[in-house]
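# Overview (structure and organization)
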Amino acid sequence: MPKASDTLWDLAIAEVEKRENPDDNDVKPGEVWEKSILFMGNKNGPKDVAHFWELGGGTSLVELIQIPITSHNIRSFAVVLVLDLSKPHELWTTMENLLQVTRNHVNKILTKLEKKTPEVAAEIKQRMWNHLQRDHPDCALIDPFPIPLVIIGSKYDIFHEFDSEMRKIISKTLRFVSHYYGASLVFTSKSEALLLKARALINHLAFGYDKSKSVSVDPSKPLFIPAGLDSMSQIGPPPASDSDLGKMRANTPLELWKKVFEKAFPPKSFCDLQDTKDPAQDSQYAEYEVDVMRAQKNQVCSPNAVHSQELEQYKRNASKSWKEMDFDSD
């Protein structure tokens, strides 16, 4: 029974635990599932694409991801990540943190399912690869997201006014990230034609409609690339000179692309992105003792703390293509 003192967060957590540990309703193979889709990402993303679960506060509400995704709906769950193309300095940090938290939560659910219903966990893991042809040349180079993922680049109308080199870096990077995670990628704006393309991908996730086979990879036009229809050879190397690539330190291709992107667009810290209209910052609710403790906590979250991890040194032969690099092992 909920207590009068329970906060909304306490009640939400209790509801998740109830779903995760039911008395007599364990997950069974072959059950009929309702489709569930979580929209997450930058604030003020496109709200007229569909109406399902929505976590639109950027990275500020990242802890809430655990609420909609449970062991009971994971087989039919999908994620739509909305990234604001007009704010490239926030793009990688938003994407990285939201996908990392979501992936960690999904992996925890899969670990539990492997013990209770291993056939369900095996089915989900196998589906991660279904969008790729068996003989796809990039099978050894990618790391598919554990549940279906669509990446939407919003505000294309603003992005289109950027310098061509800026657009090239952003477009190539999002193509690589989407392909690496086995995700679909689409750029949208308020244009009805672009929204229809985004809706086509959402309808495929939500209602099982046929996946579009059309592809648009021209960097001067809005990108539209369904999962599995891109390749590393078509994407090409990271947009940087051979000398710059040789000086960068990375353990994986993903880290190399991150380095190149953040050199062009130095990121805001994770803490800056968590900044929202927070009632705790409202002076009318000020409490000295509480505010002092909060200030001490916030000091931990600084750019130096966020970016203190160092990558190990790697060596690169300039004559090799980037795919043939010998990345450092951990």
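Scoring rules and cut-offs
Residues numbered from 1 in each chain as written. Predicted model: local features only at pLDDT ≥ 70, side-chain atom pairs only at ≥ 80, totals over all residues. Heavy atoms only, no water. UniProt positions renumbered as here; feature names shortened; annotations may be inferred. Buried < 20%, exposed > 50% of the residue type's maximum accessible area, 1.4 Å probe, protein only. Helix = DSSP H or I, 4+ residues; strand = E, 2+ residues; numbered from the N terminus. Pairing = 2+ DSSP bridges. Axes fitted to C-alpha atoms, helices over the stretch in contact; angles between N-to-C directions. Parallel < 35°, antiparallel > 145°, perpendicular 65-115°, else oblique. Left-handed = near helix turned anticlockwise from the far one by under 90°. Contact = heavy atoms within 4.5 Å. Expected span 1.5 Å × (residues − 1).

An unreviewed UniProt entry lists the chain under the name Cytoplasmic dynein 2 light intermediate chain 1, with Hirundo rustica rustica as the source organism. Of the comments in the UniProt record for the chain, the one headed Sequence similarities (unreviewed entry) reads "Belongs to the dynein light intermediate chain family."

A large share of strand E3 (residues 77–84) lies buried, amounting to eight of its eight residues. For strand E1 (residues 36–41) and E3, the ladder comprises six bridges, and the chain directions are parallel. Bridged to Ile37 within E3 is Ala78.

What follows deals with the packing of helix H5 (residues 164–180) against helix H9 (residues 253–264). Where H5 meets H9, the closest approach of the two axes is 11 Å, and the angle between their N-to-C directions is 160°. Taken together, H5 and H9 sit at an angle that is classed as roughly antiparallel. Seen along the crossing, H5 lies across H9 with a hand that is left-handed. For the pair H5 and H9, the contacting residues are Ile169, Ile170, Lys172, Thr173, Phe176, Val177 and Tyr180 in the first and Pro253, Leu254, Trp257, Phe261 and Ala264 in the second.

Looking at the secondary structure, you find Leu98 in helix H2 (residues 88–116). C-alpha of Leu98 to C-alpha of Leu81: the two residues are 17 residues apart in sequence and 8.3 Å apart in space.

With that settled, consider H9. The end-to-end C-alpha distance of H9, which contains twelve residues, comes to 17 Å, matching closely the 16 Å that a straight helix rising 1.5 Å per residue would cover. All of the buried residues along H9 are Pro253, Leu254, Leu256, Trp257, Val260, Phe261 and Glu262. Structurally, H9 contributes buried residues whose contacts are with H2, H5, helix H7 (232–235) and helix H8 (242–247).

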